[in-house]
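# Structural characterization, general
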Amino acid sequence: QHHRRRNVRSSNRRGKKKIHGIHDLGGQMDLSKIYADNTKQNNEKDEMYTPDNAIAPLIKHLEGLDKEKILIWECADTPNNDSNIASKLREVGYKVITTSIHNGQDFLKTETPDGVTHIITNPPFSVKESFIKSCFDRNLPFALLMPLAALEGKVRVDMYIKNDIQLLCFDKRIKFVNKDGESM
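This section reports on the structure supplied with the text. (Residues numbered from 1 in each chain as written. Predicted model: local features only at pLDDT ≥ 70, side-chain atom pairs only at ≥ 80, totals over all residues. Heavy atoms only, no water.)

With that settled, consider the packing of aromatic side chains. Using the criterion set out here, one finds three aromatic pairs in the structure. Each ring, one from F136 and one from F142, has its centre 5.2 Å from the other, and the planes form 80 degrees; the classification is edge-to-face. An aromatic cluster is present here, built from W73, F107 and F131 joined pairwise through their rings. Here the guanidinium or amino end of K67 rests over the ring plane of Y94, the centre of that ring lying 5.0 Å away. A cation over an aromatic ring shows up here: K128 above the ring of F125, its NZ or CZ 3.8 Å from the ring centre. (Phe/Tyr/Trp six-rings, centres within 6.5 Å; stacked < 30°, edge-to-face > 60°. Lys NZ or Arg CZ within 6 Å of the ring centre and 35° of its normal.)

So, on to unusual backbone geometry. We note that N139 has phi near 55 degrees; this positive angle belongs to a residue other than glycine. On the secondary structure map, N139 appears in the loop between α6 (128-138) and β6 (142-144). N139 gets classed as exposed once you look at its relative accessible area, which sits at 69%. (Helix = DSSP H or I, 4+ residues; strand = E, 2+ residues; numbered from the N terminus. Buried < 20%, exposed > 50% of the residue type's maximum accessible area, 1.4 Å probe, protein only.)

Let us now look at the pairing of strand β5 (residues 118-121). What you see with β5 is no split at all: H118 and I120 on one side and I119 and T121 on the other are buried throughout. As paired elements, strand β3 (residues 71-74) and β5 share two bridges and run parallel to each other. Directly across from W73, in β5, lies its bridge partner I119. Looking at chain direction, β5 and β6 are connected through three bridges and run parallel. By the bridge assignment for β6, T121 is matched with L144. Regarding the hand of the β-α-β motif, the stretch spanning β5, α6 and β6 is right-handed. (Pairing = 2+ DSSP bridges. Right-handed = clockwise from strand over helix to strand, strands pointing away.)

What follows is the structure in C-alpha coordinates.
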(Lines give C-alpha, C1' and ligand atoms only; values in the text may rest on other atoms or scores of the structure.)
Protein backbone atom coordinates (compact mmCIF):
# COMPACT_ATOMS: atom_id res chain seq x y z
CA GLN A 1 0.00 0.00 0.00
CA HIS A 2 2.74 2.44 0.88
CA HIS A 3 4.34 1.88 -2.52
CA ARG A 4 1.10 2.73 -4.31
CA ARG A 5 0.67 5.94 -2.37
CA ARG A 6 4.23 6.98 -3.14
CA ASN A 7 3.59 6.41 -6.88
CA VAL A 8 0.50 8.56 -6.81
CA ARG A 9 2.29 11.36 -4.94
CA SER A 10 5.33 11.22 -7.19
CA SER A 11 3.20 11.52 -10.32
CA ASN A 12 1.74 14.67 -8.79
CA ARG A 13 5.25 16.06 -8.13
CA ARG A 14 6.26 15.64 -11.76
CA GLY A 15 4.54 18.85 -12.74
CA LYS A 16 0.98 17.65 -13.24
CA LYS A 17 -1.34 20.62 -13.20
CA LYS A 18 -4.10 21.56 -10.80
CA ILE A 19 -7.20 23.12 -12.38
CA HIS A 20 -10.18 24.44 -10.40
CA GLY A 21 -9.91 21.89 -7.60
CA ILE A 22 -9.09 19.05 -9.98
CA HIS A 23 -5.85 17.28 -9.12
CA ASP A 24 -3.94 15.08 -11.54
CA LEU A 25 -2.81 11.88 -9.90
CA GLY A 26 -1.08 9.84 -11.66
CA GLY A 27 -5.35 -7.95 -18.08
CA GLN A 28 -8.42 -8.72 -19.83
CA MET A 29 -11.63 -9.32 -17.93
CA ASP A 30 -15.11 -10.04 -19.26
CA LEU A 31 -17.17 -7.93 -16.88
CA SER A 32 -20.21 -7.44 -19.11
CA LYS A 33 -22.04 -10.51 -17.74
CA ILE A 34 -21.45 -9.28 -14.18
CA TYR A 35 -22.83 -5.89 -15.22
CA ALA A 36 -25.96 -7.37 -16.81
CA ASP A 37 -26.60 -9.64 -13.81
CA ASN A 38 -25.98 -6.88 -11.27
CA THR A 39 -28.08 -4.36 -13.16
CA LYS A 40 -31.05 -6.71 -12.96
CA GLN A 41 -30.45 -7.56 -9.29
CA ASN A 42 -29.63 -4.05 -8.06
CA ASN A 43 -31.82 -2.07 -10.42
CA GLU A 44 -33.37 0.06 -7.68
CA LYS A 45 -30.04 0.78 -5.99
CA ASP A 46 -28.32 1.44 -9.31
CA GLU A 47 -31.03 3.70 -10.72
CA MET A 48 -29.95 6.93 -9.03
CA TYR A 49 -30.26 10.31 -10.73
CA THR A 50 -27.65 13.03 -10.82
CA PRO A 51 -28.55 16.41 -9.30
CA ASP A 52 -27.61 19.74 -10.90
CA ASN A 53 -24.97 20.52 -8.28
CA ALA A 54 -22.98 17.45 -9.38
CA ILE A 55 -23.15 18.41 -13.06
CA ALA A 56 -22.17 22.09 -12.80
CA PRO A 57 -18.50 21.39 -11.89
CA LEU A 58 -18.23 18.99 -14.84
CA ILE A 59 -19.53 21.67 -17.18
CA LYS A 60 -17.06 24.17 -15.71
CA HIS A 61 -14.24 21.68 -16.33
CA LEU A 62 -15.23 21.46 -20.02
CA GLU A 63 -15.02 25.24 -20.49
CA GLY A 64 -12.60 26.28 -23.18
CA LEU A 65 -13.17 23.19 -25.32
CA ASP A 66 -14.68 23.74 -28.77
CA LYS A 67 -18.32 22.61 -28.42
CA GLU A 68 -18.49 22.04 -32.17
CA LYS A 69 -15.75 19.41 -31.99
CA ILE A 70 -17.09 17.53 -28.96
CA LEU A 71 -19.64 14.71 -28.93
CA ILE A 72 -20.38 13.46 -25.41
CA TRP A 73 -21.75 9.98 -24.77
CA GLU A 74 -23.99 9.55 -21.72
CA CYS A 75 -23.80 5.76 -21.76
CA ALA A 76 -25.78 4.85 -18.62
CA ASP A 77 -28.84 6.93 -19.28
CA THR A 78 -32.32 6.53 -17.84
CA PRO A 79 -34.89 4.20 -19.41
CA ASN A 80 -36.42 7.23 -21.18
CA ASN A 81 -33.03 8.62 -22.30
CA ASP A 82 -33.73 11.83 -20.37
CA SER A 83 -30.92 11.97 -17.84
CA ASN A 84 -30.16 15.21 -16.08
CA ILE A 85 -26.54 14.92 -17.22
CA ALA A 86 -27.52 14.91 -20.89
CA SER A 87 -30.13 17.64 -20.40
CA LYS A 88 -27.76 20.02 -18.61
CA LEU A 89 -24.95 19.45 -21.10
CA ARG A 90 -27.33 20.14 -24.00
CA GLU A 91 -28.63 23.29 -22.27
CA VAL A 92 -25.15 24.81 -22.43
CA GLY A 93 -24.58 23.80 -26.05
CA TYR A 94 -22.85 20.42 -26.02
CA LYS A 95 -23.85 17.67 -28.44
CA VAL A 96 -24.79 14.57 -26.43
CA ILE A 97 -25.88 11.10 -27.43
CA THR A 98 -27.41 8.71 -24.91
CA THR A 99 -27.70 4.98 -24.55
CA SER A 100 -29.27 2.84 -21.85
CA ILE A 101 -29.12 -0.80 -20.85
CA HIS A 102 -32.88 -0.48 -20.38
CA ASN A 103 -33.15 -0.06 -24.14
CA GLY A 104 -30.82 -2.94 -24.97
CA GLN A 105 -27.67 -0.82 -25.26
CA ASP A 106 -25.26 -2.27 -22.72
CA PHE A 107 -22.25 0.05 -22.44
CA LEU A 108 -19.97 -2.87 -21.61
CA LYS A 109 -20.92 -4.70 -24.82
CA THR A 110 -21.47 -1.73 -27.13
CA GLU A 111 -18.85 -0.26 -29.43
CA THR A 112 -18.21 3.43 -28.99
CA PRO A 113 -20.59 5.28 -31.34
CA ASP A 114 -18.98 7.08 -34.28
CA GLY A 115 -17.78 10.56 -33.52
CA VAL A 116 -17.82 10.27 -29.72
CA THR A 117 -15.00 12.28 -28.16
CA HIS A 118 -15.90 12.14 -24.45
CA ILE A 119 -17.85 9.94 -22.02
CA ILE A 120 -19.71 11.46 -19.07
CA THR A 121 -22.00 9.36 -16.92
CA ASN A 122 -23.13 8.34 -13.46
CA PRO A 123 -22.48 4.58 -13.72
CA PRO A 124 -24.47 1.95 -11.83
CA PHE A 125 -22.76 1.67 -8.46
CA SER A 126 -22.72 -2.13 -8.41
CA VAL A 127 -20.62 -2.28 -11.60
CA LYS A 128 -18.47 0.82 -11.25
CA GLU A 129 -15.27 -1.18 -11.71
CA SER A 130 -16.52 -2.55 -15.04
CA PHE A 131 -17.33 0.97 -16.21
CA ILE A 132 -13.94 2.32 -15.14
CA LYS A 133 -12.11 -0.45 -17.01
CA SER A 134 -14.25 -0.01 -20.10
CA CYS A 135 -13.65 3.74 -20.14
CA PHE A 136 -9.89 3.29 -19.86
CA ASP A 137 -10.01 0.64 -22.62
CA ARG A 138 -11.86 3.05 -24.96
CA ASN A 139 -9.02 5.57 -24.62
CA LEU A 140 -11.30 8.63 -24.57
CA PRO A 141 -11.50 11.41 -21.99
CA PHE A 142 -14.21 10.47 -19.49
CA ALA A 143 -15.89 11.60 -16.30
CA LEU A 144 -17.61 9.11 -14.03
CA LEU A 145 -19.61 10.42 -11.09
CA MET A 146 -18.80 8.03 -8.27
CA PRO A 147 -18.32 8.12 -4.50
CA LEU A 148 -14.80 8.49 -3.14
CA ALA A 149 -14.88 4.83 -2.12
CA ALA A 150 -14.54 4.07 -5.85
CA LEU A 151 -10.87 5.02 -5.45
CA GLU A 152 -10.33 2.00 -3.22
CA GLY A 153 -9.73 -1.61 -4.17
CA LYS A 154 -6.71 -3.36 -5.64
CA VAL A 155 -8.01 -3.67 -9.21
CA ARG A 156 -9.15 -0.04 -9.34
CA VAL A 157 -5.97 1.32 -7.74
CA ASP A 158 -3.89 -0.64 -10.26
CA MET A 159 -5.94 0.91 -13.10
CA TYR A 160 -5.49 4.41 -11.65
CA ILE A 161 -1.73 3.97 -11.25
CA LYS A 162 -1.40 2.64 -14.80
CA ASN A 163 -3.42 5.53 -16.28
CA ASP A 164 -3.39 9.24 -15.64
CA ILE A 165 -6.48 10.23 -13.71
CA GLN A 166 -7.95 13.48 -12.50
CA LEU A 167 -10.23 13.84 -9.51
CA LEU A 168 -12.99 16.34 -9.05
CA CYS A 169 -13.89 16.34 -5.36
CA PHE A 170 -17.00 18.07 -4.11
CA ASP A 171 -17.06 20.09 -0.90
CA LYS A 172 -20.46 18.64 0.03
CA ARG A 173 -21.94 15.17 -0.24
CA ILE A 174 -23.92 14.76 -3.46
CA LYS A 175 -27.48 13.65 -2.82
CA PHE A 176 -28.45 11.36 -5.66
CA VAL A 177 -32.14 10.56 -5.85
CA ASN A 178 -34.11 7.56 -7.04
CA LYS A 179 -36.87 7.61 -9.66
CA ASP A 180 -39.38 8.70 -6.99
CA GLY A 181 -37.22 11.69 -6.02
CA GLU A 182 -36.15 10.14 -2.70
CA SER A 183 -32.57 10.64 -1.56
CA MET A 184 -30.74 7.42 -0.75
